[in-house]
Every structure is written in structure tokens, then in C-alpha cells.
Amino acid sequence: EGVVHVSPPLGKVDPELVFQKEKDYQKIFSKIDEFKERALSLQESPMKILNNVSIHADAGLTVDRNLIYINDLSGDGRIMLRANSGYLVIESGDFSGSLSSSFSKENDPTIVKTGKGELKLKGDNSSVFANLLIREGKVQANGPVGVDVFVAEAGVFGGNSSIASLINKGRV
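Everything numeric in this text was worked out from a predicted model, so none of it was measured.

Draft legend 1. A look at the overall build of the chain. Helix and strand counts for the chain come out as 1 helix and 15 strands. A burial count over the chain gives 47% of its 172 residues as buried. Across the chain, every contact between residues at least 6 apart in sequence was considered, and the portion connecting residues at least 24 apart equals 29%. In the form shown here, the chain has an accessible surface area of approximately 8,300 Å², with 49% of it arising from carbon and sulfur atoms.

Structure (C-alpha cells):
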């Protein structure tokens, strides 16, 4: 079983920079861009970038860091969002496993789909209590998803799925 648990980023990070309780989607997207750029240029950043993550059926990925960016997610294993998860940013991937969380909706974990690629969610994701922000690209959900969904102008949400709620500015 894979576990994502990394030490704090280099140097001190102001807790306000992590923006966990931010509700303005554009500010969230801007902060993600800023932190990604800083992480890629090896500057101080609260973001941890994971490249080409494949989770096999008998494995799991436990996310217990506030800001994780996965550029390509595949496989049919499990992803568990823990209480400190905050934001899980996924660029693209074909993931047929399951997403779940170990806490209630009040903690507001957020899954952000960014990038022009497609993210396919095929498993039973009914036990994940989170927000799903689709900034750009497509999320194809086939199976129950226990999330509130926001689709931005460049985003697409499709599939055969039940969700908690939907705010649509893109395409459904």
C-alpha cells in the first residue's frame, strides 16, 4: 500500500497560504497555479507534485498532506483522503479505483481537475465527502460520487453518476 506523507516543505510556510477554507474558485485556481510554479522551480511551496501515479488493485494511496498535485493518475486501487488532505489536484488520468475520505463533509477536502486531459472515475466513489472543482478538461464519472461538483467555463462533467449537488458554468 502506498502512503503519501511528506515532511513539511522547505522553510516555514504561512498557514494562510494553504487556503484550505477559501470558497472563491478563481482564487483557489490562482493559488494552485502559483504553488505549482513555485514547486516546479524548487522554491518554497506547500505543494507536493507526484508524476505518473499508478495505483494497482491491491494497493492504496493515503493522502494526508494539504496540497498534492498528480499530473497523471491511473489504476484501479484506492485513494483515501485523510483529515489533513485539503486539496488533491489531478491533471488527467484513467482511474477506475475508488476515492474515499475518513471524515465528514464539514472538513471540506477538495479534488481539483485541471489541465486539458480527461479524468475517468469508474469505481464506487460514494464514500468520498469532498468538493470536486473541474477547472478545465473533462471528468467522466460512472458510478456514484458523494461530492458537490463545480464546473468552470473550460470544464466538462459527464457520465452516468449521482452527485450531491452541481454548480455549472461549463458543460454537463
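Draft legend 2. Here's a closer look at the pattern of salt bridges. In this structure the tally under the stated criterion is 5 salt bridges. Here E34 ties to R38 by a salt bridge, and the two come within 2.9 Å at their closest N and O atoms. Pair noted here: E34 and R38 are both in helix α1 (residues 25–40), with a separation of 4 residues, about one helical turn. You can call R38 buried: its relative accessible area is 17%. K116 serves as the salt-bridge partner of E136, at 3.7 Å between the closest nitrogen and oxygen. In this pair, E136 sits in strand β13 (residues 125–142) while K116 sits in the loop between β11 (110–113) and β12 (118–121), placing the two residues 20 residues apart along the sequence.

Draft legend 3. Spatial organisation of the packing of aromatic side chains. Under the defined criterion, the tally for this structure stands at 1 aromatic pair. For the pair Y25 and F150, a centre-to-centre distance of 3.8 Å together with 20° between the ring planes defines the contact as stacked. Of the two residues, Y25 is situated in helix α1 and F150 in strand β14 (residues 145–160); the sequence distance between them amounts to 125 residues. For Y25, a relative accessible area of 26% corresponds to the partly exposed category.

Draft legend 4. A look at α1. Relative to the 22 Å expected for 16 residues at 1.5 Å per residue, α1 spans 22 Å between its end C-alpha atoms, a close match to the ideal helical length. Among all positions of α1, only I28, F29, I32, F35, R38 and A39 are buried. The opening residue of α1 is D24, an N-cap whose side-chain oxygen sits 2.9 Å from the backbone nitrogen of Q26. Backbone geometry just after α1 places L42 at a positive phi near 60°.

Draft legend 5. Unusual backbone geometry, seen in detail. A positive phi is found at L42, a non-glycine position, where the angle reads about 60°. Along the polypeptide, L42 turns up in the loop between α1 and β2 (48–50). Of note, the phi angle at N52 is positive, near 50°, even though the residue is not glycine. Secondary-structure assignment places N52 in the loop between β2 and β3 (53–55). The exposure class assigned to N52 is exposed, which follows from its relative accessible area of 54%.

What counts and how
Residues numbered from 1 in each chain as written. Predicted model: local features only at pLDDT ≥ 70, side-chain atom pairs only at ≥ 80, totals over all residues. Heavy atoms only, no water. Helix = DSSP H or I, 4+ residues; strand = E, 2+ residues; numbered from the N terminus. Buried < 20%, exposed > 50% of the residue type's maximum accessible area, 1.4 Å probe, protein only. Contact = heavy atoms within 4.5 Å. Areas by Shrake-Rupley, 256 points an atom, 1.4 Å probe, with all protein chains shown as cover. Salt bridge = Lys/Arg side-chain N within 4 Å of Asp/Glu carboxyl O. Phe/Tyr/Trp six-rings, centres within 6.5 Å; stacked < 30°, edge-to-face > 60°. Expected span 1.5 Å × (residues − 1). Polar contact = N/O pair within 3.5 Å; in protein donor to acceptor, adjacent residues only side chain to side chain.

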